[in-house]
Amino acid sequence: MKNIVILISGRGSNLEALIAARQAGHLPVNIAAVISNRAAAPGLETAARAGIATQCIDHQTFAGREAFDAALADCIDGFHPDLVVLAGFMRILSDGFVRHYSGRLINIHPSLLPSFAGLHTHRRALEEGVRIHGCTVHFVTPALDHGPVIIQAAVPVLDDDCEETLAARVLEQEHQIYPLAVRWFAEDRLRLENGRVRLNAELLANSALVSPLLR
Ligand code: GRF
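Residues numbered from 1 in each chain as written. Predicted model: local features only at pLDDT ≥ 70, side-chain atom pairs only at ≥ 80, totals over all residues. Heavy atoms only, no water.

(A) Local environment of the nonpolar core. Judged by nonpolar contacts, the single largest core of 41 residues is most densely connected at Ile6, Ile150 and Val182. With nine residues, the single largest contributor to this core is helix 6 (residues 163-186). With residues up to four places along the chain from it excluded, the contact list for Val182 reads Ile4, Leu18, Leu27, Val29, Leu83, Val85 and Ile106. Residues Ala32, Ile76, Leu93 and Val98 belong to the second largest nonpolar core, which totals 20 residues. (Core = buried A, V, L, I, M, F, W, Y, C linked by side-chain atoms within 4.5 Å. Buried < 20%, exposed > 50% of the residue type's maximum accessible area, 1.4 Å probe, protein only. Helix = DSSP H or I, 4+ residues; strand = E, 2+ residues; numbered from the N terminus. Contact = heavy atoms within 4.5 Å.)

Structure follows, in structure tokens:
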């Protein structure tokens, strides 16, 4: 069974979804550790309750990004992960770090990349007036919120949405697609080819999401 290490900075709802999927038997991986850069991250508590090893490496105690990333990589590598899963890890990672985990580092981002890379994705989606928004799981490359896309989920943006309602609709989808993406990795169904992800699987027919859809 493949080993994964999950990095968090806060709430940890995606972490919870991954733990739940594993407990339900849908995610054949060993979660070797959960590492946070913030001691107060509620996700650490969630992991400990599930019997998963936790570590905190506080970025504020390091002189710079490179030093922090080196300590983080040391800690991660001590758990011998096949895959490193960023689940709300709010640090920009150095190129060296990203290269070290090339092809085995994935992230979830709350937008349909390449739209709305960076922060405040839901607010910006509302400001732009897009009708469809969503989330993306992708392999991490040195460019921020970039990299080969594994899976995306789209949701409609409704006329009366505010940032919170839209965020909640997207988050529900994040919790569906992240465990799926990790499972595909664990089952060796993902292949990187010329910077794109190929999925070895029988696909169900997807229906289009049209928004707005009138009666
Ligand atoms: C999620 O919206 C994720 O897409 C983004 O950070 C947020 C983390 O939320 N990268 P949680 O800590 O998993 O609840």
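Read on for the rest.
(B) Examining the pairing of strand 8 (residues 190-193) more closely. In the sheet, strand 8 pairs with strand 9 (residues 196-199) via four bridges, with the strands oriented antiparallel. Bridging from a neighbouring strand, Arg191 pairs with Arg198 of strand 9. (Pairing = 2+ DSSP bridges.)

(C) Broad picture of the sheet that holds strand 4 (residues 83-86). Pairing is mixed across the open sheet formed by seven strands, whose spatial order is 3-2-1-4-5-6-7. Every interior strand has two partners, whereas the edge strands, strand 3 (53-56) and strand 7 (149-156), have only one. Across the sheet, the axes of successive neighbouring strands diverge by a mean angle of 20°, strand direction being ignored. Bridge count for strand 1 (residues 2-8) against strand 2 (residues 29-36) is seven bridges, and the pairing is parallel. The partner of Ile4 across the bridge, within strand 2, is Ile31. The strands touched by helix 1 (residues 13-23) are strand 1, strand 2, strand 4 and strand 5 (105-109); relative to strand 2, the strand with the most contacts, the crossing angle is about 160°. (Axes fitted to C-alpha atoms, helices over the stretch in contact; angles between N-to-C directions.)

(D) View of helix 5 (residues 121-128). Residues of helix 5 that are buried: Thr121, His122 and Ala125. End-on view of helix 5: buried residues confined to an arc of 100°, all on one side of the axis. Those residues of helix 5 that are buried are in contact with strand 5, strand 6 (132-139) and helix 6. Downstream of helix 5 by a residue or two, Gly129 has a phi angle that is positive, lying close to 75°. (Arc of directions from axis to C-beta.)

(E) Just the packing of aromatic side chains, in detail. Throughout the structure, instances matching the rule amount to two aromatic pairs. Note on Phe62 and Phe68: the rings are 5.7 Å apart at their centroids and 65° apart in plane angle, and the pair reads as edge-to-face. Looking at Phe62, the relative accessible area reads 27%, which means it is partly exposed. Measuring from ring centre to ring centre gives 4.9 Å for Phe97 and Tyr101, while their planes differ by 55°; the resulting arrangement is tilted. For the pair shown, Phe97 and Tyr101 are each scored as buried. (Phe/Tyr/Trp six-rings, centres within 6.5 Å; stacked < 30°, edge-to-face > 60°.)

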